[in-house]
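# Structural features, examined
Each chain is listed here by its residues.
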Amino acid sequence: MIPDYLAEALGEVAADTTGETAGYIPELATADPERLGAAFAMVDGEVYGAGDIDTAFTIQSISKPFVYALALSDRGFDQVLAKVGVEPSGEAFNEISLESGTGRPLNPMINAGAITTHSLAGPEGLQPTQRVERITDGLSAFAGRRLKMDESVHASEMEHAHRNLAIAHMLGSHGVLTGDVRAVVDGYIRQCSLLVTARDLAVMAATLANRGVNPLSGERVVPEPVVRQVLSVMFSCGMYDAAGDWATQVGIPAKSGVAGGLIGALPGQIGIATFSPRLDSHGNSVRGVSLFERFSSDMGLHVMEVPAAARAALRTHHVVGSGPSALRVLQLQGGLGFAGAEKVVREVVGAAHLEVRVALDLTRVHSMDDVARRVLLEVVRRLTLDGHEVYLVDPEEVMPDPDPGDGGRVTVVTHLDQAVNAQDTSAALRSRPQ
Ligand SMILES: NC(=O)CC[C@H](N)C(=O)O
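As annotated in an unreviewed UniProt entry, the protein chain carries the name Glutaminase and is attributed to Streptomyces erythrogriseus. Taken verbatim from the UniProt record of the protein chain, the Subunit (unreviewed entry) comment is "Homotetramer." In the Sequence similarities (unreviewed entry) part of its UniProt record, the protein chain is described as follows: "Belongs to the glutaminase family."

Here Q60 shows up in the loop between β3 (57-58) and α3 (63-75). A relative accessible area of 2% means that Q60 is categorised as buried. Polar side-chain contacts of Q60 include one of 3.1 Å to the side chain of T58. Dropping the residues within four chain positions of it, Q60 is found in contact with I25, L28, V153, E157, C192, G257, V258 and A259.

Take the packing of aromatic side chains next. Both the distance between ring centres and the angle between the ring planes are used here to describe each pair of aromatic rings. If you walk through the whole model with that rule in mind, you get eight aromatic pairs. Aromatic side chains F57 and F275 sit 3.9 Å apart centroid to centroid with 5 degrees between the ring planes, which places their arrangement in the stacked category. On the criterion of sequence distance, the pair formed by F57 in strand β3 and F275 in strand β7 (residues 270-275) is long-range, its members being 218 residues apart. For F57, a relative accessible area of 6% puts it in the buried group. Between the aromatic rings of F93 and Y240, the centroid separation amounts to 5.3 Å while the plane-to-plane angle is 40 degrees, which identifies the pairing as tilted. You can see F93 sitting in the loop between α4 (77-83) and α5 (111-119) and its partner Y240 sitting in the loop between α11 (224-237) and α12 (243-249), a full 147 residues away along the chain. Look at F93 and you get buried, because its relative accessible area is 9%. Classification of Y240 by relative accessible area gives buried; the value is 5%. In this structure an aromatic cluster arises from ring pairing among Y5, F40, W246, F292 and F295.

As summarised here, the arrangement of the five strands in space is β2-β1-β7-β6-β5, forming an open sheet in which the pairing is antiparallel. Strand pairing shows two members of the sheet lacking a second neighbour, β2 (47-51) and β5 (254-256), which therefore form its edges. Averaged over all pairs of adjacent strands, the angle between strand axes in this sheet comes to 10 degrees, irrespective of strand direction. Inspection of the sheet shows strand β6 (residues 261-266) paired to β7 by six bridges, in the antiparallel sense. Residue pairing for β7: G261 is matched across the bridge by F275.

The rules behind each value
- Residues numbered from 1 in each chain as written.
- Predicted model: local features only at pLDDT ≥ 70, side-chain atom pairs only at ≥ 80, totals over all residues.
- Heavy atoms only, no water.
- UniProt positions renumbered as here; feature names shortened; annotations may be inferred.
- Helix = DSSP H or I, 4+ residues; strand = E, 2+ residues; numbered from the N terminus.
- Buried < 20%, exposed > 50% of the residue type's maximum accessible area, 1.4 Å probe, protein only.
- Polar contact = N/O pair within 3.5 Å; in protein donor to acceptor, adjacent residues only side chain to side chain.
- Contact = heavy atoms within 4.5 Å.
- Phe/Tyr/Trp six-rings, centres within 6.5 Å; stacked < 30°, edge-to-face > 60°.
- Pairing = 2+ DSSP bridges.
- Axes fitted to C-alpha atoms, helices over the stretch in contact; angles between N-to-C directions.

This is how it looks when you write it as structure tokens:
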């Protein structure tokens, strides 16, 4: 089903031959412009694809968020943020743009920031070759397999690296780069010359979506706070001077590369990668952008769209029985976060006509985060203090340690009918065994 959907999406963009392969790197200019592939990697490791998802090409700027993650992990936020900002530049990726005064690059997604970030990967004092090794190891961990370098692309790009060398010398003049500036540029271009496939990139993106744990290998590659930082910067800066359009039209943290790769990562959901070498004026893959626009609207992936789960957290809200033993039942569903739990608060706390007996039915809830748990415990506590009898229907025990404390009392049952039929909560119902 999903591969068919992907194949259909590829079919819809294949006719678009607008754009050009990257002309400023001779090796890339000769790439087959018709190559086209798309891959989804779920956070549980399932990978789907269609088209050229096993064709190797150089990662180029898609390496930038991953090396940024390594630098943040290796050197800490303070050291990295002192050298590289997080503001979108609104300029082309290879603009020689530095923050006035500090000389600090505006963000790690443009070349100035990425060259600086490259120099911050690994512990201080590494030799350039050791730093490239650290980066190769790190990006291989994100992919879940050993990545190799395309020496001919590296040589071709190094031969024409005038802009990157100019940027690096500007960084050196501000003390942002120290030591052998040319060696840093060479290392950065080696990082960009690592060979990946769309399948690899989808897994790398899924590792970010999966809080820094590679869903295939199970290896934790970087800590969660680093992932949040990287995804945030991808969202605001990943598509260079098309970042504004991207945020409104697609709305997924993303990163593009001039060899035609494009990735998107949605926290807790999915890693997406597309491959098509022809680029638009921003250096982003033309067909790749079209595919992401379609994925975002077809699957409701835009981060500003309310996920279905949160919208429908409160499945039903009804009363069973009548008179003093009537039971108000609130049936919740899906993965409960703050938004879902807040709906329960709105329904019951301070409600004008609320039955004495209230049941929160979690039978259809598959998970809840700590915020949701704390909100629901507070609801139970308040209802108890207001004189209500509260039941928690929780057959799968998705709510850990349901005791509200502070005078709150809840009776945990495994089936709703146990709450419906209860006459005397102390005798008829069992609490969760201690
Ligand atoms: N946007 C890109 O992919 C640019 C990467 C390329 N290696 C460069 O530095 O110019």
